[in-house]
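Take a look at the letters that make up each chain.
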Amino acid sequence: MLARAESVALLQARVTGLAREDAGRLAADLGDLPLGIAQAAGFMAWTGMPAGDYAELLRTRAGQLLAQPPPGSYPQSLAAAPG
């Protein structure tokens with residue numbers, strides 16, 4: 001688990017124009033889990049989706065969203081990662 005400040009910094013570094021408050025809310029929604037943060041940042045950066053829309057998808061379609069291919073060097077999606 002990341003510290004909240006680390007989660008926010010990672011999200012803001014990868015998602016252009018992401019406000020600190022939005023990054024903080026999203027980090028909380030993702031439980032500050034590194035793979036979740038990386039996956040959210042990658043998806044939002046790639047699609048241009050705003051944080052609020054991503055958070056809504058996370059609430060309503062978490063299974064589909066978290067099953068998306070992982071970013072970078074992660075070997076599996078968050079949904080496929082062992083619990």
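Here is what the cut-offs are and how they apply
- Think of each chain on its own: its residues are numbered from 1, step by step along the sequence as written.
- Only residues with pLDDT of at least 70 get local features here, since the model is predicted, and only at 80 or more are side-chain atom pairs given and counted; chain-wide, interface and lining totals rely on the full set of residues.
- To get the side-chain values, take all heavy atoms of the structure and skip hydrogens and water.
- Nonpolar cores are built from buried Ala, Val, Leu, Ile, Met, Phe, Trp, Tyr and Cys residues. Side-chain atoms within 4.5 Å join them into one set.
- Here's how the labels work: a residue is buried when its accessible area is under 20% of the maximum for its type, exposed when over 50%, partly exposed in between, all with a 1.4 Å probe on protein chains only.
- Secondary structure elements are taken from DSSP: a helix is a run of H or I of four residues or more, a strand is a run of E of two residues or more, and numbering for both begins at the N terminus.
- Residues count as neighbours in contact if any of their non-hydrogen atoms are within 4.5 Å of one another.
- The arc in question is formed by the directions pointing from the helix axis toward the C-beta atoms.
- Within 6.5 Å between ring centres, the rings of Phe, Tyr and Trp (the latter by its six-membered ring) count as paired, and their orientation is classed by plane angle as stacked under 30 degrees, edge-to-face over 60, tilted in between.

Right, let's talk about the nonpolar core for a bit. Of all hydrophobic cores here, the largest spans 18 residues; its most connected members are L11, L18, L26 and M44. Put simply, the parts of the chain that give this core at least two residues each are α1 (4-14), α2 (20-29), α3 (34-47) and α4 (51-60). Sort the elements by how many residues they give to this core and α3 lands first, with five residues. Setting aside residues no more than four positions away along its own chain, L26 makes contact with L11, A40, M44, A51, Y54 and A55.

Turning our eyes to something else, we now look at α1. Burial in α1 covers these residues: S7, V8 and L11. Axial view of α1: buried residues confined to an arc of 95°, hence all on one face. For α1, the exposed residues lying more than 90 degrees away from the buried face are A5 and A13. Those residues of α1 hidden inside the fold are in contact with α2 and α3.

Below, the discussion takes up α2. Every buried residue belonging to α2 is among A23, G24, L26 and A27, and all of these are buried. Taken end-on, α2 shows its buried residues confined to a sector of 165°, consistent with a single buried face. Where the residues of α2 are buried, they touch α1, α3 and α4. G31 sits one or two residues past α2 and shows a positive phi near 65°.

Further remarks concern the packing of aromatic side chains. For any pair of aromatic rings, the description rests on two quantities: the centre-to-centre distance and the angle between the ring planes. Taken as a whole and judged by the stated rule, the model has one aromatic pair. When the centroid spacing of 5.7 Å and the interplanar angle of 55° are considered together, the rings of F43 and Y54 count as tilted. In this pair, F43 is assigned in helix α3 and Y54 in helix α4, connecting sequence segments eleven residues apart. Each member of the pair, F43 as well as Y54, is classed as buried.

None of this, on its own, says anything about what the molecule does.
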